[in-house]
Amino acid sequence: MFTGIVQATCEVVSIQQAAGLKTFEVAMTPELTKGLVTGASVANNGVCLTVTKILNDKVFFDVMEETLTLTNLGQTQVGDNVNIERSLTFGTEIGGHILSGHIHTQAQIKSISNTAEHYNIEIAIAPKWMNYIFYKGFIGINGCSLTVGQVSDTGFMLHLIPETLKLTNLSQFSVGDNVNIEIDSQTQVIVDTVERILAKKQLTDR
């Protein structure tokens with residue numbers, strides 16, 4: 001489990017192709033590798049990956065074909081920075097919202113407005129996911145716990161503060177790039193339950 005509070009952006013220093021997967025080598029800081037062991041879970045751009053090897057400050061992850069297809073790790077190249085978050089430790093402060101690290105879909109950056117007063121990103125997402133996205137609700141974007149801004153029929157706005165831009169890789173994306181999306185699990189359960197109850201009610205009312 002994760003909180004969506006990104007701890008650092010770290011460089012992908014190598015990607016090795018193997019049968020059915022790619023192995024990512026990510027350079028991390030000593031603070032991030034302290035106490036880290038093989039088998040631990042680490043979120044990379046919001047994707048929960050298992051540590052397969054640690055070599056000094058380099059951490060290795062095997063990324064399966066399905067994950068490469070579903071997430072933007074499939075487009076990640078050597079030299080790119082990924083958002084990194086270690087697993088949630090109970091007893092510490094939770095500043096975001098609970099994320100599983102299981103990405104639901106990718107969404108495309110439709111526009112970016114960067115002025116002296118604001119940094120806004122407009123996200124376009126497939127209509128099937130819009131039922132779970134609400135104004136002022138939570139959403140996971142590349143592993144960042146963010147608040148949804150204005151919502152339209154085809155997407156939503158993000159209003160990013162300088163601290164978020166400094167600590168994450170969101171400022172490095174351009175129009176047309178894809179970001180990883182994790183829907184808030186509580187919202188999804190509520191919406192799916194209500195839709196199921198309403199569908200049953202319609203059948204019984206006929």
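What you see is a predicted model; the values in this text were computed from it and never measured. Each chain carries its own residue numbering, running from 1 in the direction its sequence is written. Only residues with pLDDT of at least 70 get local features here, since the model is predicted, and only at 80 or more are side-chain atom pairs given and counted; chain-wide, interface and lining totals rely on the full set of residues. Only hydrogens and water are removed before side-chain values are computed, so all heavy atoms of the structure are retained for them.

Things to note about the overall build of the protein chain
Strands here mean DSSP runs of E at least two residues long; helices mean DSSP runs of H or I at least four residues long; both are numbered from the N terminus. Looking only at helices and strands, one finds four helices and twelve strands in the protein chain. Taken over C-alpha atoms, the radius of gyration is set against a globule rule of 2.2 Å times the number of residues to the power 0.38. Relative to the 2.2 N^0.38 estimate, which gives 17 Å for 206 residues, the radius of gyration of the protein chain is 18 Å and therefore close to what a compact globule would have. With respect to the three principal axes, the spread of C-alpha positions in the protein chain is 65 × 45 × 40 Å. Burial status follows relative accessibility: with a 1.4 Å probe on protein chains alone, a residue under 20% of its type maximum counts as buried, one over 50% as exposed, and anything between as partly exposed. Every one of the 206 residues in the protein chain was classed for burial, and the buried ones make up 42%.

Some thoughts on the packing of aromatic side chains
Each pair of aromatic rings taken from Phe, Tyr and Trp, with Trp reduced to its six-membered ring, is defined by centres within 6.5 Å and is described as stacked if the planes are under 30 degrees apart, edge-to-face if over 60, and tilted in the remaining cases. Counted under the stated rule, the structure contains one aromatic pair. With centroids separated by 6.2 Å and ring planes inclined at 45 degrees, the aromatic side chains of Trp-129 and Tyr-132 adopt a geometry described as tilted. Classification of Trp-129 as buried rests on a relative accessible area of 11%. Whether a charge lies above a ring is judged from NZ of Lys or CZ of Arg, which has to be within 6 Å of the ring centre and within 35 degrees of the ring normal. Here the guanidinium or amino end of Lys-53 rests over the ring plane of Phe-60, the centre of that ring lying 4.4 Å away.

Some details on the nonpolar core
Note on terminology: a nonpolar core comprises buried Ala, Val, Leu, Ile, Met, Phe, Trp, Tyr and Cys residues joined through side-chain atoms within 4.5 Å. Counting 26 residues, the largest nonpolar core has Ile-141, Phe-156 and Ile-181 as its most contacted members. Listing elements by their share of this core, those giving two or more residues are strand 7 (105–114), strand 8 (119–124), strand 9 (138–141), strand 10 (144–147), strand 11 (155–159) and strand 12 (178–183). Residues are treated as being in contact if the distance between any of their heavy atoms lies within 4.5 Å. Aside from chain neighbours lying at most four places away, what touches Ile-181 is Ile-103, His-104, Thr-105, Gln-106, Ala-107, Ile-125, Ile-139, Gly-140, Ile-141 and Phe-156. Core analysis: the next-biggest nonpolar cluster, separate from the first, contains 20 residues, Val-26, Val-51, Ile-84 and Ile-103 among them.

Quick word on the pairing of strand 9
As defined by bridge partners, strand 9 adjoins strand 10 across four bridges and the pair is classed as antiparallel. Across the sheet, residue Ile-139 finds its bridge partner in strand 10, namely Leu-146. With antiparallel pairing between neighbouring strands as the criterion, strand 9 and strand 10 make up a hairpin whose turn holds two residues, including Asn-142 at a positive phi of roughly 55 degrees. Two strands pair when backbone bridges link them, and strand 9 and strand 12 are joined in this way by three bridges, in the antiparallel orientation. Each residue of the ladder has a partner; that of Ile-139, found in strand 12, is Ile-183. Strand pairing follows a simple DSSP-based rule, namely that at least 2 bridges must link the two strands.

Let's talk about the sheet that holds strand 6 (residues 81–86)
Strands sit in the order 1-2-5-4-3-6 around a closed barrel of six strands; the barrel is antiparallel. Within the sheet, the average angular offset between the axes of one strand and its neighbour, ignoring direction, is 45 degrees. By the bridge criterion, seven bridges tie strand 2 (residues 21–27) to strand 5 (residues 58–64) in an arrangement that is antiparallel. Counterpart to Ala-27 in the pairing with strand 5 is Lys-58. Only the stretch in contact is used when a helix axis is fitted, and all axes are lines through C-alpha atoms; the angle between N-to-C directions ranges over 0 to 180 degrees.

Concerning the state of the cysteines
Two cysteine sulfurs form what is called a disulfide whenever their separation falls within 2.5 Å. Within this structure, the stated rule accounts for zero disulfides. In this structure Cys-144 is a free cysteine whose sulfur lies 13 Å from that of Cys-10, the closest cysteine sulfur available. A relative accessible area of 3% means that Cys-144 is categorised as buried.

Quick word on the pattern of salt bridges
Only one rule defines a salt bridge in this text: a Lys or Arg side-chain nitrogen within 4 Å of an Asp or Glu carboxyl oxygen. Within this structure, the stated rule accounts for three salt bridges. Between Glu-163 and Lys-166 there is a salt bridge, with the nearest N and O atoms lying 3.4 Å from each other. One end of the pair is Glu-163 and the other is Lys-166, both in helix 3 (residues 162–167) and three residues apart, which spans about a single turn. Residue Glu-163 is classed as partly exposed on the basis of its relative accessible area, which comes to 40%.

Notes on a nonpolar patch on the surface
Like-charged residues within 9 Å of one another, or nonpolar side chains (Val, Leu, Ile, Met, Phe, Trp, Tyr) within 5 Å, are grouped into patches, provided each residue has over 30% relative accessible area and no salt bridge. For the accessible areas, the method is Shrake-Rupley and the probe is 1.4 Å, while residue cover comes only from the protein chains on display. There is a patch of nonpolar side chains on the surface, built from Met-1, Ile-94 and Ile-98 and spanning about 260 Å² of accessible area. Among the secondary structure elements, Ile-98 is positioned in the loop between strand 6 and strand 7. Given the relative accessible area of 35%, Ile-98 is considered partly exposed.

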